[in-house]
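For reference, the chains in residue letters:
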Amino acid sequence: MTILGITGIFAGLGMIAAVDTHLHAAILIVGVFSGSLLWWVVLSGIGKLLRDRVSGTVVRRINQVCGIVLATIGAIQVVLIAMRALRS
């Protein structure tokens with residue numbers, strides 16, 4: 001997912017068109033891979049540190065809040081798309 005997201009962002013910013021040599025492409029690929037790896041290591045490290053300190057009740061609450069936030073964002077997007085479709 002990270003690679004697809006980065007690809008979309010780069011394409012939107014026009015960075016893909018700026019990669020004109022194999023060296024630039026290799027640097028871009030290594031940078032994205034390194035950034036993804038670093039992000040994974042940081043998240044895994046934080047998870048390992050918090051695993052024994054956070055109770056099941058706290059984890060359940062965090063999951064509930066995240067679910068509510070994601071559902072709200074999804075509902076807002078559906079409403080915005082419906083409003084855009086009705087205007088056209």
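Residues numbered from 1 in each chain as written. Predicted model: local features only at pLDDT ≥ 70, side-chain atom pairs only at ≥ 80, totals over all residues. Heavy atoms only, no water.

Could you give me a rundown of the overall build of the chain, with the residues and numbers involved?
Within the chain, the secondary structure is distributed over 4 helices and 0 strands. The C-alpha atoms of the chain give a radius of gyration of 19 Å, which is well past the 12 Å a tight globule of 88 residues would have. Accessible area of the chain: about 7,600 Å², with a carbon and sulfur share of 75%. (Helix = DSSP H or I, 4+ residues; strand = E, 2+ residues; numbered from the N terminus. Rg over C-alpha atoms; globule rule 2.2 N^0.38 Å. Areas by Shrake-Rupley, 256 points an atom, 1.4 Å probe, with all protein chains shown as cover.)

Tell me about the confidence of the model for the chain, and please be specific about residues and values.
Caution applies to low-pLDDT regions: their predicted coordinates should not be interpreted in detail. Residues of the chain with pLDDT of at least 70 account for 92%, and the chain-wide mean is 86. Mean pLDDT per element in the chain: helix H2 (residues 15–18) is the minimum at 65, and helix H4 (residues 56–87) is the maximum at 94. (pLDDT = per-residue confidence, 0-100.)

Can you break down a nonpolar patch on the surface residue by residue, with the values?
On the surface, Leu38, Val42, Ile46, Leu49 and Leu50 cluster together into a nonpolar patch covering about 460 Å² of accessible area. Positionally, Leu49 belongs in helix H3 (residues 22–51). A residue is classified by how much of its surface remains accessible, and Leu49, at 57% relative accessible area, is exposed. (Patch = residues over 30% accessible without salt bridge, like charges linked within 9 Å, V, L, I, M, F, W, Y side chains within 5 Å. Salt bridge = Lys/Arg side-chain N within 4 Å of Asp/Glu carboxyl O. Buried < 20%, exposed > 50% of the residue type's maximum accessible area, 1.4 Å probe, protein only.)

Go over the environment of Cys66 with me, naming the residues and quoting the values.
With respect to the helices and strands, the residue Cys66 is situated in helix H4. You can call Cys66 partly exposed: its relative accessible area is 41%. A sequence separation of 38 residues divides Cys66 from Leu28, and the C-alpha atoms of the two residues are 32 Å apart.

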